[in-house]
Every structure is written in structure tokens, then in C-alpha cells.
Amino acid sequence: MFSRKKKSSGLVGLDIGSSSIKAVELKQKNDRYELVNLAIDNLSQDTIVDGAIMDAFSVSASIEKIFNENKIQTSKVATSVSGHSVIVKRIAVSAANEQELELAVHQEALQNIRFDLADVNLSYYVLGPAPGTGNALDVLLLAVKREKIQGHTSVLEQANKTPAVMDIDAFALQNAFEFSYEPPPDQTVALLNIGASLMNINITRGGMPLFTRDVSVGGNQYTDILQKELDISFEDAEKLKMGQELPDVPPDAKAPHLHFVSELLLLEIQKTFDFFRQTTSTDTIHAIYLAGGTARIQGLVDLLKAELRIPVEILDPFRKVHVNPAKFDSGFIAEIAPRMTVAMGLALRSFDAA
Ligand SMILES: Nc1ncnc2c1ncn2[C@@H]1O[C@H](COP(=O)(O)OP(=O)(O)OP(=O)(O)O)[C@@H](O)[C@H]1O
Ligand SMILES: [Mg+2]
């Protein structure tokens, strides 16, 4: 309010992940976006477990810390939820008008959503005419458990922030990807955001999510196996995983354990791709983009390339953003870029047409 130097879009993308909270703030400058703020704050291991906020105080303290340390002016936040409290389904619905559509969607929700509908926030988006079904509509059904949204809303409120946008990780991921890569409309792309406890999968084409799924696998599994097999602490296992050497661990000791977990991840990805191919009319996935901290696990990109025979690339969400080198360390930005993908996709929401 007093300083106009940091003029921004007025909305911060805030990704509340299980291992860390990430924030991105952008501003529009002529026809480009510029990075105004970028922050990451690590959470201790038992703060968010299995996607549930166990220690709301620590989470809100971390959010406040990020805003204070970076002197973020706005209190408006775009955030997202994910995991087994979120269901996304694509359905074909026949309806002649809005009322019929509402009713039909509700009927479909009763059949497709495994939660009690009284406990969820239900929304839907008409994507267009459903292919090959006469006059049916292609509808994206989204159900999020209320307690999940409340968990996020309440930590934000405790930190005196206003949740202006509540998204889901898989869509924020897609938003960041489309902005950064402007994919051709006929290209089918699998986006995988592999974090600490979760992998968000979103197979998209032409700006539409064709299939999304969250799987409970991620970086924690690599850390766990190193901890157990090499008898080291969580902190040491994390360091080892990220490429640091430890005095008591031979340099080649970790590789087979990392490979073992990567094979599990591969299996989940293969299962999802098989299901996708069986349930849609699409056979070919043209490319895979990896986001999240676990994208950087040694050997993962090569394993996926070799086994899936699809080009695999690590997603850079800042590809099209101007990052002032006087303000941000380019090495640091490059290192953490894949982890900032969801926060970036959320920050971009501030420029969405209202
Ligand atoms: N350079 C690296 N190499 C390997 N693993 C890494 C690297 N950097 C971070 N990680 C791992 O990535 C994970 C954190 O990634 P990210 O920040 O995307 O997760 P998160 O959003 O906190 O978790 P989630 O989305 O699952 O709730 C941790 O398991 C961390 O150990
Ligand atoms: Mg995450």
C-alpha cells in the first residue's frame, strides 16, 4: 500500500505440499509475465501426513513466514488440493437445457462418486459435444471433500490470508504446462507431478484434461528405502537421494534402491496409461513432462524413456517468464523449477478472464 515498487497481480499462487509450501507471484509487464516473488519453506515430516494437515499451526506459521520474509503485499491466495479427497471424472450427459443438465450431472455423480454427496463440493464443466454420441455433452465432473477444502481454508485464515481461488493440483499443473509450452492442439501429453507423497497424473490434449489420477507414491518412498536399507537418518537419506555423498555410505550403495522404487513408479504410470488407452479412443501419448521434486531422482527420466518409449522431459514452468537475474539466483531457480510448477500454475490464475 505504501510502496508501489512491487506492483503485482494481487494474487499469490500457494502450493501447500506435504514436504514444503511453495509460493509464486507474477506481474504482467507489457505482453510478458515477470516473476515478482518466489519462495519455498520446508515443513517437518509429520506436519502433513497422507495429504492431511496434522499440524495446522506449523502450516499457517510457514505461510506467514513466506509472506513476511518476502514482503508480499497482497493477502489473496490461489491454492489447490489433491489426493484421495479429490475425484475428477469425465462423463457424457444428455440434456436439452441447463436444468436437465444439472439433474443429469447429479444423477451421474451419485453413480460415479464414491463419497457421500453431502460431504463433497460438486462442480462440473461442459467441455463440449461428446465425441461420437449424437447430442450428448462431454462434462468434467469434479468432487472435492469439504473437509479437505476446509483444512486449506482454515490454515490460510489462521495466517490472515484470503483463499480467492481453490483449484486442484492436476489442473494447476496443466495450466503451468500449457502456458510454458503452448502445445499443438492434437498432441496428447502426460503430465506427472511427483512430489514427496503423491504423484498427480494428468493426460491432456488441446487444453482438456482427458484423464487425471492421483497416486500415493513419491519421494518419501525413496527416502524410506534408503533409511531402512542403509540404516541412516531421514535427513541423511534425503541428502543422499539428492546427490550428496555421505562419509559412511559407499557411492554406489544407493543406486539399486533408487532403481527399485523407480520401478514401482513406472508400474503405476504404466497401469494408468493402459487404463487410459482402454477407456478412451486415444492410443498415442506423444510426450511425458515431469514436475515435482522427485522428477530429479537419479535415473528416473532414463528409465521412463526406455520402458515407455515416449520422449520424457523435465518441465520448466519458468520457460516463458521473465526472471530478473539481479533479483533471483538463476542456478537456484533452475534447481527448484520443477517443484514450483503447481505454484506457478496457480499464480497464473490471477490473469484468467473473470
Ligand atoms: N534434487 C532432488 N533429487 C531427488 N529428489 C528430490 C530432489 N529435490 C527434491 N526432491 C524430493 O522431492 C520431494 C519434494 O518435492 P515437492 O516439493 O514437489 O513435493 P511436495 O509438493 O511437498 O509433496 P506432495 O505434492 O507429494 O504433497 C521430496 O521427497 C524431496 O526429497
Ligand atoms: Mg506437490
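As the structure is a prediction and not an experimental result, all values here were calculated from the model.

Conventions we followed
Residues numbered from 1 in each chain as written. Chains lettered and ligands numbered in written order. Predicted model: local features only at pLDDT ≥ 70, side-chain atom pairs only at ≥ 80, totals over all residues. Heavy atoms only, no water. Pairing = 2+ DSSP bridges. Helix = DSSP H or I, 4+ residues; strand = E, 2+ residues; numbered from the N terminus. Contact = heavy atoms within 4.5 Å. Axes fitted to C-alpha atoms, helices over the stretch in contact; angles between N-to-C directions. Near = heavy atom within 4 Å. Polar contact = N/O pair within 3.5 Å; in protein donor to acceptor, adjacent residues only side chain to side chain. Areas by Shrake-Rupley, 256 points an atom, 1.4 Å probe, with all protein chains shown as cover. Buried < 20%, exposed > 50% of the residue type's maximum accessible area, 1.4 Å probe, protein only.

Undergrad: Explain the sheet that holds strand β1 (residues 12-16) to me, please; I cannot follow it from the model alone.
TA: Sheets are built from strands paired through backbone hydrogen bonds, the pairs being either parallel or antiparallel. Reading across the sheet, the six strands line up as β10-β6-β1-β2-β3-β16 and stay open at both edges, with mixed pairing between neighbours. Here the strands that pair on one side only, and so sit at the sheet edges, are β10 (162-168) and β16 (321-322). Two elements, β1 and strand β2 (residues 20-29), share four bridges in a ladder whose sense is antiparallel. Bridge assignment links Gly13 to a residue of β2, and that residue is Val24. Against the sheet, helix α3 (residues 146-158) engages β1, β6 (76-81) and β10, with an angle of about 150° to β6.

Undergrad: I'm lost on the site of ligand 1 in this one. Help?
TA: Taken together, the neighbourhood of ligand 1 is formed by 20 residues, with Ser19, Lys22, Ser197, Glu238 and Lys241 sitting nearest. At a separation of 2.7 Å, an oxygen atom of ligand 1 approaches a polar backbone atom of Ser197. At 2.6 Å, a side-chain N or O of Glu238 approaches an oxygen atom of ligand 1. Here ligand 1, which alone exposes 650 Å², has 93% of that area covered by the protein. Breaking the shell around ligand 1 down by element, the ones donating at least two residues are β2 and α6 (234-241).

Undergrad: So what exactly am I meant to see when it comes to the pairing of strand β9 (residues 137-145) here?
TA: Each regular strand shows side chains that alternate between the opposite faces of the sheet. Of all the nine residues making up β9, seven are buried; the element is thus mostly covered by neighbouring parts of the structure. Across eight bridges, strand β7 (residues 86-93) lies against β9 in antiparallel orientation. Paired with Val88 across the strands is Leu142, a residue of β9. As judged from the nine bridges shared by strand β8 (residues 120-129) and β9, these two strands associate in the antiparallel manner. Across the sheet, the residue bridging to Val120 is Lys145, located in β9.

Undergrad: Where do I start with the side chain of Thr153 in this structure?
TA: As for its placement among the helices and strands, Thr153 is situated in helix α3. At a separation of 2.7 Å, a polar atom in the side chain of Thr153 contacts the main-chain carbonyl oxygen of Ile149. Residues within four places of Thr153 in sequence aside, it is in contact with Pro163 and Met166.

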